[in-house]
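A look at the structure
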Amino acid sequence: EMRDGKIASFLLNQSIQGSGLDVSSTVPNNNMEEFHHWSMEKLRGYISTVKERFHPTLSPEAALLLQRHYTRCRDTASYSQGNSPALHITVRFLESLIRLSQAHARLMYRDT
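The structure contained in this document is the topic of the report that follows. (Residues numbered from 1 in each chain as written. Predicted model: local features only at pLDDT ≥ 70, side-chain atom pairs only at ≥ 80, totals over all residues. Heavy atoms only, no water.)

Observations regarding the packing of aromatic side chains
The criterion, for reference: Between rings of Phe, Tyr and Trp, where Trp is taken as its six-membered ring, a pair exists when centres lie within 6.5 Å; planes separated by under 30 degrees are stacked, by over 60 edge-to-face, and by other angles tilted. Strands are runs of DSSP state E lasting at least 2 residues, helices are runs of H or I lasting at least 4, and numbering of each runs from the N terminus.
Evaluation of the coordinates by the stated rule reveals 2 aromatic pairs. With 6.1 Å between their ring centres and 55° between their planes, Tyr46 and Tyr109 make a pair best called tilted. Of the two residues, Tyr46 sits in helix H2 (residues 40–53) while Tyr109 sits in the segment after helix H4 (91–107), which places them 63 residues apart along the sequence. A connected cluster of aromatic rings, assembled from ring pairs, spans Tyr46, Phe54 and Tyr109.

Structure follows, in C-alpha cells:
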C-alpha cells in the first residue's frame, strides 16, 4: 500500500511536471487524517494537462465491446416490460459510453 502510494505520487508528479503543481507524497495509512486531498488548483492543472496531452481513439476491440454492451442493454430493456421497456436505451447512451471511455483513457494517460 505504501509502495503503491509512492508510485502514484511519482507518476502524477511526472505528468504535471512544469505546471507549477506538485502531488503530495504523503501516503495514507489506515488513519484518514494523514490523507491530503488535492487543491482545486492542482486538480484543474491535472485535468488541463491530461486534456492537452491525450486525444484517445477507440481501438477496434473497445469499439466492439461497446457495441455489444449497447446491443445487450437495448435487448434487455426491450424484454424487461414486454412491449414497453422500463428504460429507453438510445443512441445517446452509446455516445455517452464512448465519451466516458475516452475520458477514462485520458485519466489513465492513454490514447486508446
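Moving on from the model shown.
Brief notes about the environment of Thr90
Here is the rule: In what follows, residue pairs with any heavy atoms lying within 4.5 Å of each other are defined as contacts.
Mapped onto the elements, Thr90 comes out in the loop between helix H3 (60–80) and H4. Sequence spacing of Thr90 and Cys73 is 17 residues, and the spatial spacing of their C-alpha atoms is 9.8 Å. Ignoring any residue separated from it by four or fewer positions in sequence, one finds Thr90 in contact with Tyr70 and Arg74.

Examining the side chain of Thr49
Quick note on the threshold: Classification of residues uses two cut-offs on accessible area relative to the type maximum, computed with a 1.4 Å probe and protein chains only: under 20% is buried, over 50% is exposed, and between them is partly exposed. Think of a polar contact as two N or O atoms within 3.5 Å of one another; within protein, one of them needs to be a possible hydrogen donor and the other a possible acceptor, and neighboring residues in sequence only count if both atoms come from side chains.
Residue position: Thr49 is located in helix H2. Judged by its relative accessible area of 11%, Thr49 falls in the buried class. A polar contact of 2.8 Å, which involves the side chain of Thr49, links it to the backbone oxygen of Gly45.

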